[in-house]
Amino acid sequence: MSETIFAPGTDVLAGDERGIVVDIRATPSGKWVFGVENADGGVSYFTEKALRLAEG
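Residues numbered from 1 in each chain as written. Predicted model: local features only at pLDDT ≥ 70, side-chain atom pairs only at ≥ 80, totals over all residues. Heavy atoms only, no water.

**Student:** What should I look at first to understand the pattern of salt bridges in this one?
**Tutor:** Two side chains that carry opposite charge are able to pair once their charged atoms sit near each other. For the coordinates displayed, the defined rule picks out two salt bridges. The closest approach of N and O atoms between D23 and R25, which form a salt bridge, is 2.5 Å. Judged by relative accessible area, D23 falls into the buried class, the value being 18%. (Salt bridge = Lys/Arg side-chain N within 4 Å of Asp/Glu carboxyl O. Buried < 20%, exposed > 50% of the residue type's maximum accessible area, 1.4 Å probe, protein only.)

**Student:** Quick question: what am I supposed to make of a nonpolar patch on the surface here?
**Tutor:** On the surface, a nonpolar cluster with roughly 310 Å² of combined accessible area is contributed by I20, V22, V43 and Y45. For the nonpolar patch, the secondary structure elements donating two or more residues are β2 (17–26) and β4 (43–47). Position of Y45 among the secondary structure elements: in strand β4. Since its relative accessible area comes to 38%, Y45 is described here as partly exposed. (Patch = residues over 30% accessible without salt bridge, like charges linked within 9 Å, V, L, I, M, F, W, Y side chains within 5 Å. Areas by Shrake-Rupley, 256 points an atom, 1.4 Å probe, with all protein chains shown as cover. Helix = DSSP H or I, 4+ residues; strand = E, 2+ residues; numbered from the N terminus.)

Rendered as structure tokens:
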């Protein structure tokens, strides 16, 4: 699996938006994508390179 610490419940930044990791899935090519729920309740999927840990 991913070598990062993005697990369900992790508070992250995806671009300029803050969200919570709610899902982790493998793609057919073997990459991992992370479902991030934003404040509006929408879920978008990102690779680990697009995510950062939210501070404070």
